[in-house]
Amino acid sequence: MIAYQVDQASVDRTVEHLESVRLRIFAGVREAMQEGMQGLAETAVVEMGAAGIQRRTGSLAENILKSPKIFENRWSIMGRVTAKGKMKIGGREFLGFLGTALDEGYRVPPVTCAMHEIVAADGNTFWARSHVAFDVRPHPFLRPASAAYMPTLLDLIESRIHEEIDEANA
């Protein structure tokens, strides 16, 4: 006769082991996601050139390379790469989503009056002359970078998960 018995101590050890494996997997995924977001940022900079965006100061590329961030809660880990850059509107310089504007393109409508008042978000007022409409055609590079890098990111995360499981079972 073969008999098995499960007691509370063995259940507690099993639960502790599974929790430690979960924490190891999360740590591995966190590292993979950080490495992956850096790789995505580098891919986005390469895609900028492929999309025909010429570097003038290099600050947009520099900001993209510095932008990878990881966010997490108990159940998920998320990564983000942003394409912020210095923008100048009405003589006011600020850090805006220049990469998104270049990626999607934009249209500035004409202003036909000789002078018009502009009130900035900070409450300052300045005057500007009229201007003709102008368009910036789309130069898609963010979504192509994401599509190009996604298989690499998924492979990186999957390999880290397998490494952590293998180490936990060793």
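Predicted model only: the values in this text are computed from it and were never measured.

This part takes up the packing of aromatic side chains. Aromatic ring pairs are reported here in terms of the distance separating the ring centres and the angle at which the planes meet. Within the structure shown, the criterion is met by zero aromatic pairs. Over the ring of Phe26 we find Arg22; its NZ or CZ atom is 5.5 Å from the centre of that ring. Geometry around Trp75 places Arg22 over its ring, the cationic atom sitting 5.7 Å from the centre.

With that settled, consider the packing of helix H1 (residues 8-50) against helix H4 (residues 142-169). One can describe the packing of H1 onto H4 by two numbers: an axis separation of 8 Å at closest approach and a directional angle of 155°. Taken as axis vectors, H1 and H4 run roughly antiparallel relative to one another. Here H1 and H4 pass one another in a crossing that is right-handed.

Positionally, Asp103 belongs in helix H3 (residues 98-104). A polar side-chain atom of Asp103 sits 2.6 Å from the main-chain amide nitrogen of Phe141.

Take H4 next. With 28 residues, H4 ought to run about 40 Å at 1.5 Å a step, and its terminal C-alpha atoms sit 39 Å apart, in line with that. Tyr149 marks the point of greatest bend in H4, at about 40°, and the proline Pro151 comes within the next four residues. Taken together, the buried positions of H4 are occupied by Ala145, Tyr149, Leu153, Leu156, Ile157, Arg160, Glu164 and Ala168. As for H4, its buried residues are in contact with H1.

To continue, consider the nonpolar core. Counting residues in each nonpolar core, the largest one holds 25 residues, and the members touching the most others are Met33, Met48, Ile64, Phe141, Leu153 and Ile157. Looking at this core, the elements that each hand over two or more residues are H1, helix H2 (59-66) and H4. The greatest single-element share of this core, amounting to ten residues, is contributed by H1.

Once that is clear, we can look at the environment of Ala128. Relative to the helices and strands, Ala128 resides in strand S7 (residues 125-131). Look at Ala128 and you get buried, because its relative accessible area is 19%. As for Ala128 and Ile118, which are separated by ten residues in sequence, their C-alpha atoms are 7.3 Å apart.

This structure, assessed with the given rule, holds eight salt bridges. Put simply, Asp103 and Arg143 hold a salt bridge, and the shortest N to O gap is 3.6 Å. With Asp103 in helix H3 and Arg143 in helix H4, the pair connects residues that are 40 residues apart, well separated along the chain.

Note: strand S1 (residues 69-72) against strand S2 (residues 77-80), four bridges, orientation antiparallel. Counterpart to Ile70 in the pairing with S2 is Gly79. Turn length for the S1-S2 hairpin, with the two strands adjacent in sequence and antiparallel, is four residues.

Conventions we followed
- Residues numbered from 1 in each chain as written.
- Predicted model: local features only at pLDDT ≥ 70, side-chain atom pairs only at ≥ 80, totals over all residues.
- Heavy atoms only, no water.
- Phe/Tyr/Trp six-rings, centres within 6.5 Å; stacked < 30°, edge-to-face > 60°.
- Lys NZ or Arg CZ within 6 Å of the ring centre and 35° of its normal.
- Axes fitted to C-alpha atoms, helices over the stretch in contact; angles between N-to-C directions.
- Helix = DSSP H or I, 4+ residues; strand = E, 2+ residues; numbered from the N terminus.
- Parallel < 35°, antiparallel > 145°, perpendicular 65-115°, else oblique.
- Left-handed = near helix turned anticlockwise from the far one by under 90°.
- Polar contact = N/O pair within 3.5 Å; in protein donor to acceptor, adjacent residues only side chain to side chain.
- Expected span 1.5 Å × (residues − 1).
- Bend = angle between axes of the 7 residues up to and from the residue.
- Buried < 20%, exposed > 50% of the residue type's maximum accessible area, 1.4 Å probe, protein only.
- Contact = heavy atoms within 4.5 Å.
- Core = buried A, V, L, I, M, F, W, Y, C linked by side-chain atoms within 4.5 Å.
- Salt bridge = Lys/Arg side-chain N within 4 Å of Asp/Glu carboxyl O.
- Pairing = 2+ DSSP bridges.

On their own, these measurements won't tell you what the molecule is for.
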